[in-house]
Amino acid sequence: MKEQLTEEKVFKDPVHNYIYVQDQTIWDLINTKEFQRLRRIRQLGTSYLTFHGAEHSRFSHSLGVYEITRKIISQFERNDYPDWPVEERLVSLCAALLHDVGHGPFSHSLEEVFDTDHEEWTCKIILENTEINRVLRAVSEQFPAQVAAVIQKTYPKPIVVSLISSQMDADRMDYLLRDAYFTGVNYGTFDLERILRVLRPYKGQIVVKESGMHAVEHYLMSRYQMYWQIYFHPVTRSSEIILRQIFRRAQELCVGGYAFNWKMPTAFVALLHNTLTVEDYLKLDEALVQTVFMQWAEEKDLLLSDLCDRFLNRRLYKYITINNPDEAQLNEISDCLSSIGMYPDYHMEIDFPFDLPYDVYRPDKKEGEKKEKAPILLLDAEDKVSEISAKSDIVRSITGLHQGEYHLYYPEEPLKKNIDLLSEAMKKLFKLN
């Protein structure tokens, strides 16, 4: 196993002030081409079109998750807590650093259209013939599989998994603080140092001292505010819809044998045909995607070119709120759009923010739902453990709480151009009177 660095490396960070690297393995992983690629992937996808400061990368977030994990483990080791397995330190740090290495450009939109999963790509990058794999194998031949198991949540020690995947893990704590900082909002902030001080390893899991409950309440309220004010923002949803429509249309044309004006990079051809290898996938970054979109904006297919122009120049779809739309109403809207030469499959989308990969706090799993992350547990003075919503009125009030409205997204310009052809009902619906 490689030793620690003779002199620690330091990254200046706007969220954590400094990020400290003491292990040769961690330093070597940071300097792999696969990890450096994360500099070219934005953490918040298309949110920069809503919040102009949201240009931060998955590289900086991954360093932040590593640093929070390092601080938690250091606190456990300084206090010599018997329930922390000290031999798990390096695998925990590596998993924290690499947990997002499989993200693609505009990751969640890309995953939805092409039915991919960033965690699967993360594990492929860790396990296949990559620079990251070679660095991990220098620790031991089994080490890449151990790191992948943590990310897959199959590692035999759940306490290690919970550091980077639980209801209060290092991943969530960093992205809340980092996203709040770069979007310029205050409601994502919480007392990270206090939370780190009250975390304890206990019987194979991580718990919170009951005296730290109020700091955790603050953290969960911050999550609640960030989800509805930032992650579910309707303007961001509009840009994500257009992005998905671009990928959908391009794949439709590609599979249908359409002759593009411009020869696409091989990685993009593989993406559209769902034949990506790890080598292909690692060539995909947001610079490449936007270069391709610039070329497609001049394609002879007017639908694809219009969608790309909208995305690149922020001519986003407008939206109206619809209360519980029924099939008849949606068919009427679709027929109206078709009658003026629009394409309902691409020019209207009903959106409700249940489909986002975020949740505020869920202490348990309901029938038919995906397995939820481990809940937040409180440890009282008598060494009894209880789930936080059993003791906190604040947490109980937001547990599993969904709010939101149905939004209908559409391009406004064709409707205005053809306003004389619309019924009074449609004019009123789209607020064109």
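Refer to the preceding data block for the structure.
Note that the structure is predicted; figures quoted are calculated from it, not measured. (Residues numbered from 1 in each chain as written. Predicted model: local features only at pLDDT ≥ 70, side-chain atom pairs only at ≥ 80, totals over all residues. Heavy atoms only, no water.)

1. Focus: the packing of aromatic side chains
The relative placement of two aromatic rings is captured by the distance of their centres and the angle of their planes.
Consideration 1: Per the stated rule, a full pass over the model turns up 22 aromatic pairs.
Consideration 2: Measuring from ring centre to ring centre gives 6.0 Å for Y175 and Y231, while their planes differ by 85°; the resulting arrangement is edge-to-face. Taken as a pair, Y175 in helix α10 (residues 170-183) and Y231 in helix α12 (residues 213-231) lie far apart in primary sequence, 56 residues in all. With respect to class, Y175 is no different from Y231; both count as buried.
Consideration 3: An aromatic cluster is present here, built from F106, F114, F247, Y258, F260, F268, F293, W296 and F311 joined pairwise through their rings.
Consideration 4: When the ring centre of F59 is taken as reference, the NZ or CZ atom of R39 above it lies at 3.8 Å.
Consideration 5: Of note, R42 hangs over the ring of Y48, and the distance from its end group to the ring centre comes to 3.7 Å. (Phe/Tyr/Trp six-rings, centres within 6.5 Å; stacked < 30°, edge-to-face > 60°. Helix = DSSP H or I, 4+ residues; strand = E, 2+ residues; numbered from the N terminus. Buried < 20%, exposed > 50% of the residue type's maximum accessible area, 1.4 Å probe, protein only. Lys NZ or Arg CZ within 6 Å of the ring centre and 35° of its normal.)

2. Some points on the packing of helix α3 (residues 58-78) against α10
Consideration 1: Following both chains from N to C, one finds α3 and α10 inclined at 125°, their axes separated by 8 Å at the closest point. With respect to their mutual orientation, α3 and α10 come out oblique. When you trace α3 past α10, the crossing you get is right-handed. Contacts from S60, H61, G64, V65, I68, T69 and I72 in α3 reach A170, D171, M173, D174, Y175 and R178 in α10.
Consideration 2: The residue makeup of the contact of α3 with α10, split by class, is six nonpolar, four polar and three charged. (Axes fitted to C-alpha atoms, helices over the stretch in contact; angles between N-to-C directions. Parallel < 35°, antiparallel > 145°, perpendicular 65-115°, else oblique. Left-handed = near helix turned anticlockwise from the far one by under 90°. Contact = heavy atoms within 4.5 Å. Nonpolar A, V, L, I, M, F, W, Y, C, P; charged D, E, K, R; others polar.)

3. With respect to the sheet that holds strand β3 (residues 199-202)
Consideration 1: Spatially, β3-β4-β7-β8 is the arrangement adopted by the four strands of the open sheet, whose pairing is mixed. With one partner strand each, in any of the chains shown, β3 and β8 (385-387) form the two edges of the open sheet. Recorded for the sheet is a direction-independent mean angle of 45° between the axes of neighbouring strands.
Consideration 2: As paired elements, strand β7 (residues 377-379) and β8 share three bridges and run antiparallel to each other. When the sheet's bridge partners are listed, L379 is paired in β8 with V385. (Pairing = 2+ DSSP bridges.)

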